[in-house]
Amino acid sequence: MASALASVALSTTFARAVPLPENSMVQRIGAEKKHDNPLFKGKAFRRVSMAVSVNVSRFEGVTMAPPDPILGVSEAFRADTNDLKLNLGVGAYRTEELQPYVLNVVKKAEKLMLERGENKEYLPIEGLAAFNKVTAELLFGADNSVIQEGRVATIQGLSGTGSLRLAAAFIHRYFPDAKALISSPTWGNHKNIFNDARVPWSEYRYYDPRTVGLDFDGMVADIKAAPDGSFVLLHGCAHNPTGIDPTPEQWEKIADVIQEKNHIPFFDVAYQGFASGSLDADAYSVRLFVRRGFELLVAQSYSKNLGLYAERIGAINVVCSSSDAGTRVKSQLKRLARPMYSNPPVHGARIVANVVGDPNLFNEWKQEMELMAGRIKNVRQRLYENLSEKDKSGKDWSFVLKQIGMFSYTGLHKAQSDHMTDKWHIYMTKDGRISLAGLSLSKCEYLADAIIDSFHNVD
Amino acid sequence: MGDANLRAELGSPGRRLGTLARHLGVDYSPASSSLMASHNASEIVTPSPTAGSYGGSVFTNVVQAPEDPILGVTVAYNKDPSPVKVNLGVGAYRTEEGKPLVLNVVRRAEQLLVNDPSHVKEYLPITGLADFNKLSAKLIFGADSPAIQENRVTTVQCLSGTGSLRVGGEFLARHHHEHTIYIPQPTWGNHPKVFTLAGLSVKTYHYYDPTTRGLNFKSLLEDLSKAPRGAIVLLHACAHNPTGVDPTLDQWEQIRLLIRSKGLLPFFDSAYQGFASGNLEADAQSIRMFVADGGECLTAQSYAKNMGLYGERVGALSIVCKSADVAVRVESQLKLVIRPMYSNPPIHGASIVATILKDREMYHEWTVELKAMADRIIRMRQQLFDALRTRGTPGDWSHIIKQIGMFTFTGLNREQVTFMTKEYHIYMTSDGRISMAGLSSKTVPHLADAIHAAVTRIK
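Residues numbered from 1 in each chain as written. Chains lettered and ligands numbered in written order. Predicted model: local features only at pLDDT ≥ 70, side-chain atom pairs only at ≥ 80, totals over all residues. Heavy atoms only, no water.

- The name an unreviewed UniProt entry assigns to chain B is Aspartate aminotransferase, from the organism Musa troglodytarum.
- Chain B has a UniProt comment under Subunit (unreviewed entry) that states "Homodimer."
- One UniProt comment on chain B, placed under Cofactor (unreviewed entry), says "pyridoxal 5'-phosphate". (UniProt positions renumbered as here; feature names shortened; annotations may be inferred.)

- Where an unreviewed UniProt entry is consulted, chain A appears under the name Aspartate aminotransferase, with the organism given as Musa troglodytarum.
- Heading Subunit (unreviewed entry) of the UniProt record for chain A holds this comment: "Homodimer."
- Taken verbatim from the UniProt record of chain A, the Catalytic activity (unreviewed entry) comment is "L-aspartate + 2-oxoglutarate = oxaloacetate + L-glutamate".

So, in structure tokens, the structure goes:
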């Protein structure tokens, strides 16, 4: 490209009288020092190019961004033509036949919505009122005092990501000196969200590679060492990417240190109902903190538990010590949403409101969710059995059973993960995370072979 | 609730109460920690179950935000019990019966989607639905546009117009050397907030001339000619919001020449394609003139009005680049803006649009329904103009039929607007803008009465 432009530059004569179109190189010589453009090196060259009108993009300096580490995996998977390929990258539920799954209750809800002939008017900035009501009740329990007392500010958000982003923007504006504490490791996009919202963050220890479990002492120590009033990002259940959750006793101790440091708990709840199969059980940690009187934030997503991935439906909930504070906080969250997208999309919100608000559909949903969570537990069991049988080294693979949720943190490092892809056509994220939701019982053996091979034969 | 229960509820009140007491400068001694102590009640800190762990709230400094000025009009309208109230606030189309409208062709598209077993809810790519993007680019730039043929256009699905403007603004703040954007005076109320939060610095250029109720063309050109090289210029592609005043094609040509000679970067907001004149091609002329000269520009497209998909939040951001190579790199960087904001866009609205645009017969049905909406608005303009003339309302009201699109900038001042709301229950934004889409033959007389009264009684 550069050489082609060079030859054009050299071949153009002074005689050509052209009006300078926008972005001709002439104008850019003085203005742009940033670009290391080889065409501008040397005085002789400059004299020639002064009369040249060559059109260069004002975005010429824009570099190619790397593919997203998680969503980019699916792109790579699609490009692979090998029959044995397996996509264990993004956390999207697949049936045993490895097909995407639209829940029956969702189909029923959509048919109902179509029959009713509802309109497509703008939602209020805070989203669908019926959705906001049921989503808070689902999370905290309808009889929870925070709901009875009107102390929760709930805004419909664009799934988990959008809800986290609104909260981060709120933190930046109202707690400009505050830091966010995120687990090491955590979902890759958490850092991007805080970065773009300009909220500084640091990590607390979480994963212990020696035990393939929780580094609880490290976690507590790091939370304790952080400046008072930090926002501690906690995964409500089914920690992503490790699948390792604190026990109830550990949650109490985490609450103790957070209270001691006047930190603010900030929960990411993307798997309520999907982790254990029970909506209430999976809300345990959030409800514990609420019971203990904390003010806190909770981002919710219906991508996985209702299979509404592409509808982008979630919520940000802020539990405040008074309903007055809740009202004020809600008004300011709206002020952040309006310049981002004005108001949220209606379709997914209506589906959730219909499913959760109707007792029959709600029960049916619970059953479908148990099936999905159950399938993943079965797959974990089979994978564990295959690994234990086939691996003669005596390595303890029980972490596969102890971890919870969609993902398993295999303990494979980057080179080993690459090997999984390069040799075995198994697609996963480079941090060693595999999505069990993308695994079928029939492929467990193949996966076990691949993991054993990568673990033992790649440094 | 007994003391013991309360203590259990709150965990360890002793330490918390001590902290709170010190904070409030109140005496507190554990010995007198009876929670129901009655002596010197004003000095004893009595916790309530609603107290946060700090006794107060971390959200103390969060003040109540004012209602959004545009969306707040509907909020006020909804509260009004008057049977003669009229909502001329937000720009959402209403039928002659005053009802929201879902286009027939949209319902048909939805039926197809709901009944299509292959239509799943998997995450869209970060850039959105590929078909939708291609079709949207063709719609706005023309199917035969050389920019499209040469792969110089990158199009990403965004959350309606607002989302497209925000993503475009964030991209420019990161990758464009000049961070000032010039917006017309007046403009849609949300524009300055969107661009400021995106990281750009907002300046204005003259646009509306209150004395002629038309375009202040001379000052517009003067202002833009003083803009620094590379500055971004926001242009309403057609049906300027809020004034309804558009440049003529000759004036657009002069604007284009000026912008290109000064090296400014045009950013089009296209929210009314097909809705302004009733003709999709005519309403895209301004944009196509700019693209035809080979230069670069950004375009934010919305399907909220022209397809009545308001609440589905469907739109697209297109960036026309000098070369295909630049377009590819620009797209990769747009993904980095989107991923930490909401990961990927909502599928429902985009699927509806794609279904309609790719089917010849459905596309035709859409153009017919679109023209019907545009024609009804033009009829309302004529009726209102006639009604004011019949009443002998003082002033020149020809701007009502000269202005184009959904809105009319009446020229009424704040006091007159307040009067109209209070006495006649007419709801509109305080800048004198009325949404013609909210009028019907039945309500025109009432509005004319209100305007007549306001103009004669309030100066």
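Things to note about the interface of chain A and chain B
Phase 1: Counting residues at the interface gives 94 residues for chain A, matched by 99 residues for chain B.
Phase 2: In terms of surface lost to chain B, no three residues of chain A exceed F59(A), K120(A) and Y122(A), which account for 11% of the buried area on that side.
Phase 3: With its nearest N and O atoms 2.8 Å apart, the salt bridge here joins R94(A) to E122(B).
Phase 4: Here chain A and chain B share 40 residue pairs in polar contact (both at pLDDT 80 or more) between them.
Phase 5: Of all the secondary-structure elements, those providing two or more residues to the side of chain A that touches chain B are helix 4 (71–79), helix 5 (104–116), helix 8 (159–174), helix 9 (188–196), strand 10 (314–319), helix 14 (323–341) and helix 15 (346–357) of chain A.
Phase 6: A breakdown of the residues in the side of chain A that touches chain B according to their chemical character gives 41 nonpolar, 25 polar and 28 charged. (Contact = heavy atoms within 4.5 Å. Buried area = accessible area lost by both parts, 1.4 Å probe. Salt bridge = Lys/Arg side-chain N within 4 Å of Asp/Glu carboxyl O. Polar contact = N/O pair within 3.5 Å; in protein donor to acceptor, adjacent residues only side chain to side chain. Helix = DSSP H or I, 4+ residues; strand = E, 2+ residues; numbered from the N terminus. Nonpolar A, V, L, I, M, F, W, Y, C, P; charged D, E, K, R; others polar.)

Let's talk about the UniProt feature "domain: Aminotransferase class I/classII large" (unreviewed entry) in chain B
Phase 1: Cross-referencing UniProt, the feature "domain: Aminotransferase class I/classII large" (unreviewed entry) maps to residues 85–451 of chain B in the present numbering.
Phase 2: Taken end to end, residues 85–451 of chain B comprises 47% helix and 15% strand; its first and last C-alpha atoms sit 14 Å apart.

Some points on helix 19 (residues 444–457) of chain A
In an α-helix there are 3.6 residues to a turn, and that puts residues three or four apart on one side.
Residues and elements named next belong to chain A.
Phase 1: Between its first and last C-alpha, helix 19 extends 20 Å over 14 residues, near the 20 Å set by a 1.5 Å rise per residue.
Phase 2: Among all positions in helix 19, only C444, Y446, L447, A448, A450, I451, I452, D453 and S454 are buried.
Phase 3: Check the buried side of helix 19 and you find it contacts helix 16 (359–390), helix 18 (414–424), strand 12 (426–427) and strand 13 (433–435). (Expected span 1.5 Å × (residues − 1). Buried < 20%, exposed > 50% of the residue type's maximum accessible area, 1.4 Å probe, protein only.)

Some points on the sheet that holds strand 3 (residues 180–185) of chain B
Residues and elements named next belong to chain B.
Phase 1: A sheet is described by the order of its strands in space; here seven strands give the open sequence 2-10-9-8-7-3-4, paired in mixed fashion. Of all the strands in the sheet, the pair left with one neighbour each is strand 2 (153–158) and strand 4 (201–206). Neighbour to neighbour, the strand axes of the sheet diverge by 25 degrees on average, direction disregarded.
Phase 2: Relative to strand 7 (residues 232–236), strand 3 runs parallel, the two sharing two bridges. The residue of strand 7 that forms the bridge with I181 is I232.
Phase 3: Packed on one face of the sheet, helix 9 (residues 217–225) meets strand 3, strand 4 and strand 7 and runs near 145 degrees to strand 4.
Phase 4: Taken strand by strand, helix 13 (residues 324–342) contacts strand 2 and strand 10 (315–320), and its axis lies near 15 degrees from that of strand 2. (Pairing = 2+ DSSP bridges. Axes fitted to C-alpha atoms, helices over the stretch in contact; angles between N-to-C directions.)

A closer look at the nonpolar core
Phase 1: Formed by 249 residues in total, the largest nonpolar core has its most connected members in F289(A), W365(A) and L384(B).
Phase 2: Ranked by the residues each element gives to this core, the list is headed by helix 15 (residues 360–391) of chain B, at ten residues.
Phase 3: Other than its neighbours up to four places away in sequence, W365(A) contacts L103(A), V105(A), L138(A), L279(A), Y302(A), N305(A), L306(A), V355(A) and V356(A). (Core = buried A, V, L, I, M, F, W, Y, C linked by side-chain atoms within 4.5 Å.)

Regarding the packing of helix 7 (residues 160–175) of chain B against helix 8 (residues 191–198) of chain B
Residues and elements named next belong to chain B.
Phase 1: In contact at an axis separation of 8 Å, helix 7 and helix 8 are set at 35 degrees when each is read in the N-to-C sense. Between helix 7 and helix 8 the crossing geometry is right-handed. Touching T162, L165, R166, G169, E170 and A173 of helix 7 are H191, V194, F195, L197 and A198, all from helix 8.
Phase 2: Across the contact of helix 7 with helix 8, the residue classes tally to six nonpolar, three polar and two charged. (Left-handed = near helix turned anticlockwise from the far one by under 90°.)

A look at helix 11 (residues 248–260) of chain A
All names here are of chain A.
Phase 1: Over its 13 residues, helix 11 extends 19 Å from the first C-alpha to the last, a length consistent with the 18 Å expected when each residue adds 1.5 Å.
Phase 2: Along helix 11, the residues classified as buried are W251, I254, A255, V257, I258 and Q259.
Phase 3: Phi for N262, located one or two positions after helix 11, is positive at around 55 degrees.

Points about the sheet that holds strand 9 (residues 296–301) of chain A
Residue and element names in this part refer to chain A.
Phase 1: Judged by pairing direction, the sheet is mixed, and its seven strands sit side by side in the order 2-10-9-8-7-3-4 without closing on themselves. Every interior strand has two partners, whereas the edge strands, strand 2 (152–157) and strand 4 (201–205), have only one. When strand polarity is set aside, the average angle formed by the axes of neighbouring strands in this sheet is 25 degrees.
Phase 2: Relative to strand 10, strand 9 is paired through six bridges, and the arrangement is antiparallel. Paired with S301 across the strands is G314, a residue of strand 10.
Phase 3: Sheet strands touched by helix 9: strand 3 (180–184), strand 4, strand 7 (231–235) and strand 8 (264–269). Its angle to strand 4, the strand with the most contacts, is close to 150 degrees.

Overview of the state of the cysteines
Residue and element names in this part refer to chain B.
Phase 1: Per the stated rule, a full pass over the model turns up zero disulfides over all chains.
Phase 2: No disulfide involves C297; its nearest neighbouring cysteine sulfur is the one of C321, lying 9.2 Å away.
Phase 3: Since its relative accessible area comes to 0%, C297 is described here as buried. (Disulfide = S-S within 2.5 Å.)

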